[in-house]
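So you can see what is in the structure, the chains are spelled out below.
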Amino acid sequence: MTDPIVAEGLVKTYGGKVQAVKGVSFEVHTGEAYGFIGPNGAGKTTTVSMLSAGLRPTSGRAVIDGVEVAANPEEVKRRIGVVFQESTADGDLTGRENLEIAAGLYGISRREGKERASALLERMQIGDASERMAKTYSGGMRRRLELGVGLIHRPKILFLDEPTLGLDPQGRAGFWQFIQQLRKEEGLTVFVTTHYLDEADQYCDRIAIIDHGTIVATGTPTELKDKLGGDVVTLKTSTAQDVSETLRQVPGVLTVQRQDSSYRLKCSSGEVVVPLAVEACSKAGSLISTVSVKRPSLDEVFLEFTGREFREDEGPSATDKAILGARLQSMRGGRR
Amino acid sequence: MLREFSALTRRELLRLTRNPQSVFVGLLTPILYLLLFGQGFNLGSLSGSSAAGLQYALLGAPNYFSYFAAGMVGFVSVTASLFVGANVIFDKFFGIFKRTRGTPAPSAAVFGSRLIAGSVQPIGFAFLVLVLAILFAHIGGLSGLDVTASVGVVGAVEILLAIVLIAFMFVTLALTLGFLIDTPQTYFAAVNALNLPTLFTSDALYPWGTMPHWLQDIATYNPITLAVSVLRENMFGDSLYTYPPEVYLAGLAAWAAGMGIVAIILVRRALRPSN
Ligand SMILES: Nc1ncnc2c1ncn2[C@@H]1O[C@H](COP(=O)(O)OP(=O)(O)OP(=O)(O)O)[C@@H](O)[C@H]1O
Ligand SMILES: [Mg+2]
């Protein structure tokens, strides 16, 4: 059986300048939830657009449900549902009208469209607001309406580009609960980008981390966490004496980082290392005041691979600079 | 194709009903033109102008206002079609267009629905202008449209076709620009650069007889002139026209068809997956 989503060496260069995606390859299996995580500007939306026939790749190919995207974009659009990162509902129309018109866009009959719209409005818990203009909806309602629009033609493959952005914790949980239910009932294949790593950890079968247009790590959430080399033990000593070397000798400790009297140890198993480390320190004449053991979270995996907490912290990223350059260029070009 | 088309048309019409104030605002300009501009050129009051000379200058119309009222039909189809293209740009801006493009709806349905729904207002305005102009004739102190020839069924159908064709043509132009352009500023600049010269090289507003020969030569082939000629010849008689109205109608149809072909080529390209 062919995989529902196949990407082979996808490259996107905007305007011959900005290399947004630099050759990504992966396949998503039937029924899988595949998470695509990465910092702002990493190339997530660009990848989704190329897979969903919205954007032509500079090179490489995408195959959806066995259909070559470049050769037959219309057929691909018929088989997939997309929830875009930005809002696409018509604010001057009611939620119900938005859904009914979306149904028509897939060639669904008026009567069938009405039924599906009603069913989705109920499932999305839009209920009383169905007859209200969409511009009056709360953020959460809007996202649910977007999902409803993406599902109106009952696709088997769903692309979600930051679907839970701006939702409160209940909203996010509810959204995912609904997605999980659909996956179970209809064997939906889901490709999702998100900044919420806890969501990726909890709901995705496999994850790819993308940075600067390149996939830097892939695997199941557990595999990715294991790649960090197990647990992180943080120790604080009550004396100023440097015990880094002592700690490094402790069996099971992989690396030691020191900051003043704090030490961050990476080790395969926290339970084994802690008593040995305490003993080693006291032998060296240094007492330990606090100890904590942390299982790595996906956040730590993310930081490890993308190397920073927030993009903004280090000024404009390389891609941002490139795009600024391209803009200035085009402005100059326009005046000439 | 039909379902996609009707869903999209429904959307456009629903939006029209959600913004009735924009219709009233759009009506303000033609009403001001009828009420003030058209009243100001009282050519018959000029001393020394012979009745025959005036007849020639106005191509058989009994007075300037009657001549001008027919021209206003061309005028409103140009001005009322402006926003149809701008709406495409606003839909791009608000992501609505992205949703449409994410679906397999054929580009013919995307374009056709906007053409049909977008022509409702210009065509409606054209008829409103005619009705108002005729009513003015019955209000004391105002000039009105004085239909001096008898308009038969064929004439009425020709007038209707001329109004529909000129509206289609300018709505097609506005939509094509809307699909190709991404910012409202560029759009309005482009549309004005095309529409105003077209309007001012036609005989919609100036008396034909007062136009210099070079301008008459250009105006002869202008689509607005062609549409307005169909109206004037049917309403005021054919004695001063070289051709019967069917010829002007055919010329107008050729213009509309040409515009349609350009639109098909450009819009299909614009609707493909972007680069
Ligand atoms: N139309 C465009 N023209 C030029 N550059 C673009 C265009 N769209 C995106 N880019 C650039 O390509 C890079 C990748 O953008 P993309 O939107 O794919 O990132 P993303 O991972 O989705 O980010 P975010 O998390 O902020 O949504 C960015 O540097 C962005 O500025
Ligand atoms: Mg994005």
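Above this text is the structure in question.
Residues numbered from 1 in each chain as written. Chains lettered and ligands numbered in written order. Predicted model: local features only at pLDDT ≥ 70, side-chain atom pairs only at ≥ 80, totals over all residues. Heavy atoms only, no water.

Hey, could you go over the overall build of chain A for me, with residue numbers and the actual values?
Of the regular secondary structure elements, chain A holds 12 helices and 14 strands. In chain A, buried positions account for 49% of the 336 residues. Per element, the accessible surface of chain A, about 15600 Å² overall, is 51% carbon and sulfur. (Helix = DSSP H or I, 4+ residues; strand = E, 2+ residues; numbered from the N terminus. Buried < 20%, exposed > 50% of the residue type's maximum accessible area, 1.4 Å probe, protein only. Areas by Shrake-Rupley, 256 points an atom, 1.4 Å probe, with all protein chains shown as cover.)

So what's going on with a nonpolar patch on the surface? Residues and values would help.
A surface patch of nonpolar side chains, about 440 Å² in accessible area, is lined by Leu 28, Ile 31, Leu 32, Leu 35 and Leu 36 of chain B. Along the chain, the position of Ile 31 of chain B falls in helix H2 (residues 20–40). (Patch = residues over 30% accessible without salt bridge, like charges linked within 9 Å, V, L, I, M, F, W, Y side chains within 5 Å. Salt bridge = Lys/Arg side-chain N within 4 Å of Asp/Glu carboxyl O.)

Any chance you could break down the sheet that holds strand E14 (residues 288–294) of chain A for me, citing the residues and the numbers?
Whenever strands of a sheet pair, they do so through backbone hydrogen bonds, lying parallel or antiparallel. Residues and elements named next belong to chain A. Spatially, the four strands line up as an open sheet ordered E12-E13-E11-E14, and their pairing is antiparallel. Each having just a single partner strand, strand E12 (253–259) and E14 make up the two edges of the open sheet. Mean inter-strand twist for the sheet, computed between neighbouring axes without regard to direction, equals 20°. Looking at chain direction, strand E11 (residues 231–237) and E14 are connected through six bridges and run antiparallel. (Pairing = 2+ DSSP bridges. Axes fitted to C-alpha atoms, helices over the stretch in contact; angles between N-to-C directions.)

Could you give an account of the packing of helix H8 (residues 153–180) of chain B against helix H11 (residues 223–236) of chain B, naming the residues involved and the relevant values?
Residue and element names in this part refer to chain B. The interhelical angle for the contact between H8 and H11, taken along N-to-C directions, is 165°, at an axis separation of 9 Å. Considering their axes alone, H8 and H11 lie roughly antiparallel with respect to each other. In terms of crossing hand, the pair formed by H8 and H11 is left-handed. Of H11, the residues touching H8 (which contributes Gly 155, Glu 158, Ile 159, Ala 162, Ile 163, Ile 166, Met 169 and Phe 170) are Pro 223, Ile 224, Ala 227, Val 230, Leu 231, Asn 234 and Met 235. Here the residues of the contact of H8 with H11 are counted per class, giving 12 nonpolar, two polar and one charged. (Parallel < 35°, antiparallel > 145°, perpendicular 65-115°, else oblique. Left-handed = near helix turned anticlockwise from the far one by under 90°. Contact = heavy atoms within 4.5 Å. Nonpolar A, V, L, I, M, F, W, Y, C, P; charged D, E, K, R; others polar.)

An account of helix H12 (residues 245–271) of chain B is requested, with residue identities and associated values reported.
Residues and elements named next belong to chain B. Given a rise of 1.5 Å per residue, 27 residues ought to cover 39 Å, and the 38 Å separating the end C-alpha atoms of H12 matches this to within 8%. Among all positions of H12, only Pro 245, Tyr 248, Leu 249, Leu 252, Ala 256, Met 259, Ala 263, Val 267 and Leu 271 are buried. Of the surrounding secondary structure, the elements contacted by the buried residues of H12 are helix H6 (96–102), helix H7 (107–136), H8 and H11. (Expected span 1.5 Å × (residues − 1).)

Which residues make up the coordination of the magnesium ion (ligand 2), and what values do they have?
All names here are of chain A. Every protein donor of the magnesium ion (ligand 2) is listed here as Thr 45 (OG1) and Gln 85 (OE1), and their distances to the metal cover 1.8 to 2.2 Å. In this pair, Thr 45 is assigned in helix H1 (residues 44–51) and Gln 85 in the loop between strand E6 (80–83) and helix H3 (95–105), connecting sequence segments 40 residues apart. The exposure class of Thr 45 is partly exposed, given its relative accessible area of 26%. Looking at Gln 85, the relative accessible area reads 29%, which means it is partly exposed. (Donors = N, O, S within 2.8 Å, 3.2 Å for Na, K, Ca; no water.)

Any chance you could break down the site of ligand 1 for me, citing the residues and the numbers?
Residues and elements named next belong to chain A. Taken together, 15 residues form the shell around ligand 1, and within it Asn 40, Gly 41, Lys 44, Thr 45 and Thr 46 come nearest. Taking 640 Å² as the accessible area of ligand 1 by itself, protein coverage stands at 72%. Mapped by element, the contributors of at least two residues to the shell around ligand 1 are H1 and helix H12 (318–335). In terms of residue class, the shell around ligand 1 is made up of five nonpolar, eight polar and two charged. (Near = heavy atom within 4 Å.)

Which residues make up the sheet that holds strand E7 (residues 157–161) of chain A, and what values go with them?
All names here are of chain A. In space, the six strands of this open sheet follow the order E6-E7-E8-E3-E9-E10, with mixed pairing throughout. Strands with a single pairing partner mark the edges of an open sheet, and in this sheet they are E6 and strand E10 (214–219). Averaged over all pairs of adjacent strands, the angle between strand axes in this sheet comes to 15°, irrespective of strand direction. Of the pairings in the sheet, the one linking strand E3 (residues 33–37) to strand E9 (residues 206–211) comprises four bridges and is parallel in character. When the bridges of E9 are listed, Ile 37 appears paired with Ile 209. Strands in contact with helix H11 (residues 298–306) are E3, E9 and E10; relative to E9, the strand with the most contacts, it is inclined by about 35°.

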